[in-house]
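What follows is each chain in one-letter form.
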Amino acid sequence: MTVQLKPGDSAEFQALSGGKDATPVTVAFGDGIGPEIMKASLNILIAAGAKISIEPIEIGEKAYLAGNTAGIEPSAWDSLRRTKVFYKAPITTPQGGGFKSLNVTVRKSLGLFANVRPCTAYAPFVATKHPGMDVVVVRENEEDLYAGIEHRQTDDVYQCLKLISRPGCEKIARYAFEYAKAQDRKKVTCFTKDNIMKLTDGLFHKVFDEVAAEYPEIENEHWIVDIGAAKLADTPEAFDVVVMPNLYGDVLSDVAAQIAGSVGLAPSANIGEHCAMFEAIHGSAPRRAGQDMANPSGLLLAGVMMMNHIGQSDVAEKVHNAWLKAIEDGLHTYDIFDAETSKQKLGTAAFAEAVIDRLGQKPAQLQPVTYNAEAKPFEVPRPTSRPAAKKELVGIDVFVDSTKSAEALAADMQHAESPLVELAMITNRGVKVWPGGLPETFCTNHWRCRFMAKPNKQMNKATIVELLSNLTKVGVDFIKTEQLFTFDGEIGYSLGQGQ
Ligand code: NAD
């Protein structure tokens, strides 16, 4: 039985779903093509026997325009926290300032730290240059530049804080290895840029290595993200599971999905200790909305991941194999339609019907999937506790807004020296310009002036207050400070380029 649903209307699904042992699932029909592809996906899942009871919530454009800056009605959180399972269609983020990303808000508020994106080729039925591709990108979902902490510090200079934590690295690295183990995958690759960001990406790489040592049966390797990305785009067959910090994972999972065949085919699962969210990786494609054209496959395959997550792997297997059979039979939506390999171009609803017609069938040429109903899901990793390192204050970076030369600024800064601290260096955008800078170095009005404790002197917070007070007296416009610590004697800050 299928449901003829008007976009946005979920009442009939509520009536259809349910039952004694149904798992409650929060569902958002989203914007643009969202309602059409959600309706198609739910029709297929329910036809396959999914035992779910749907709790619809309103998110996206309507919620934004109703004045909720994060795009979600406050009452929706109750449902999410109750069901702990979120099946989400894509939404439209209105243009203009003041709107916060709903995805980032949901992921961070619910602690969904792992974003899992399988990117699989379906050659020869879906055109791809990489017929053997079967890569899973595991993207860290909560940290990195997505902390959303940005400041304009001077007239010319803006900053975005990149935050990486040890527990965050540990959870995502362990998740990648546990996932590889559970899915019988052979290798986990880590991408970072730790040749440049030695502390933040350096920590991600270091923790990856530590965790990798606990899984000797799984091969591990690390690539610098730039050449790793080039290799992934050129030879994805060389990769299996790839784990990365948030920004690289955001970019490269789209690249991986597209070169596998189409972003329209790729699902994603956002997993946390308490909750999980399942969605397509693409957006709401507003230009295709309401035309019964969009490909529901990414959202449907996210539904397959959800069925596995809630322990209904029989439904997951049935739907996945029927979908593979429809793809193999050349029944394709416009985005993957190819006159040579496709047999029929179908709209969203007709494609869903084609999948439903094939429930119970398996593909003949593509590899059928088998999901083990007995397999226990692995426990979502928690960070291990460790004794805190001994933290010692050894200096301070004072950031200054100034149009003076490096030499003139150094003279001002030296007025603030005390018996405990002295000016050690000035950098501009990270490059050392004092002492001994080069005249060729381009300087902005944003300076970092590093004061260090004098040899055999111990500075403290009062030293900093005195230093800043002295700077005020000579009219220095300091805009922020960063304290410099050692941790068990190990330096906890980067050196200036050229230092
Ligand atoms: P998009 O993914 O919506 O569309 C990019 C291109 O892919 C378009 O040409 C579109 O027609 C095509 N496309 C995407 N999904 C398709 C499908 N299922 N079937 C067929 N073709 C498909 O990206 P965009 O245009 O950059 O963004 C549109 C809106 O979606 C924006 O408001 C953006 O903020 C939002 N968005 C939402 C999510 C989400 O909710 N998870 C993710 C990305 C973008």
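Here is a short report on the structure shown in this document. (Residues numbered from 1 in each chain as written. Predicted model: local features only at pLDDT ≥ 70, side-chain atom pairs only at ≥ 80, totals over all residues. Heavy atoms only, no water.)

1. A look at the overall build of the protein
Then step 1. In terms of regular secondary structure, the protein is built from 14 helices and 20 strands.
Then step 2. On the principal axes, the C-alpha backbone points of the protein span a range of 80 × 50 × 45 Å.
Then step 3. For the protein, buried positions account for 53% of its 499 residues.
Then step 4. When the accessible area of the protein is evaluated, it comes to approximately 22,500 Å², of which 52% is carbon and sulfur surface.
Then step 5. Computed over 51 positive and 62 negative side-chain charges, the inter-centroid distance for the protein is 2 Å. (Helix = DSSP H or I, 4+ residues; strand = E, 2+ residues; numbered from the N terminus. Buried < 20%, exposed > 50% of the residue type's maximum accessible area, 1.4 Å probe, protein only. Areas by Shrake-Rupley, 256 points an atom, 1.4 Å probe, with all protein chains shown as cover. Lys, Arg positive; Asp, Glu negative; His and termini not counted. Charge placed at Lys NZ, Arg CZ, Asp CG, Glu CD.)

2. Things to note about the sheet that holds strand β16 (residues 421-428)
Then step 1. Strands sit in the order β17-β16-β18-β15-β19-β20 across an open sheet of 6 strands; the sheet is antiparallel. Each edge of the open sheet is held by one strand with a lone partner, namely β17 (431-434) and β20 (490-491).
Then step 2. As judged from the 2 bridges shared by strand β19 (residues 478-487) and β20, these two strands associate in the antiparallel manner. Bridge pairing in β20 places Thr486 opposite Ile491.
Then step 3. With respect to the sheet, helix α13 (residues 406-414) is in contact with β15 (391-401), β16, β17 and β18 (446-453), its orientation differing from that of β16 by roughly 155°. (Pairing = 2+ DSSP bridges. Contact = heavy atoms within 4.5 Å. Axes fitted to C-alpha atoms, helices over the stretch in contact; angles between N-to-C directions.)

3. Some thoughts on the pairing of β17
A regular strand places its side chains so that they alternate between the two faces of the sheet.
Then step 1. Summarising the sheet, β16 and β17 pair through 3 bridges and their orientation is antiparallel. Bridged to Thr427 within β17 is Lys432.
Then step 2. Where β16 hands over to β17, the hairpin turn is made up of 2 residues, of which Arg429 adopts a positive phi near 50°.

4. As for the site of the ligand
Then step 1. In the vicinity of the ligand there are 18 residues, among which Asn103, Gly283, Ala285, Asn295 and Tyr334 approach most closely.
Then step 2. A distance of 3.1 Å separates a nitrogen atom of the ligand from a polar atom in the side chain of His282.
Then step 3. Separating an oxygen atom of the ligand from a backbone N or O atom of Gly283 is a distance of 2.7 Å.
Then step 4. Surface burial for the ligand is 67%, taken as the share of its 820 Å² of free accessible area covered by protein chains.
Then step 5. Classifying every residue of the shell around the ligand by side-chain character gives 7 nonpolar, 7 polar and 4 charged. (Near = heavy atom within 4 Å. Polar contact = N/O pair within 3.5 Å; in protein donor to acceptor, adjacent residues only side chain to side chain. Nonpolar A, V, L, I, M, F, W, Y, C, P; charged D, E, K, R; others polar.)

5. Describing the pattern of salt bridges
Then step 1. Across all of its chains, the model carries 26 salt bridges by this definition.
Then step 2. Where Asp397 meets Arg450, a salt bridge forms, and the shortest distance between an N and an O atom there is 2.7 Å. Separated by 53 residues along the polypeptide, Asp397 in strand β15 and Arg450 in strand β18 bring together distant segments of the chain.
Then step 3. Asp397 gets classed as buried once you look at its relative accessible area, which sits at 3%.
Then step 4. Taken together, the shared-partner salt bridges connect Lys88, Arg107 and Glu279 into one network. (Salt bridge = Lys/Arg side-chain N within 4 Å of Asp/Glu carboxyl O.)

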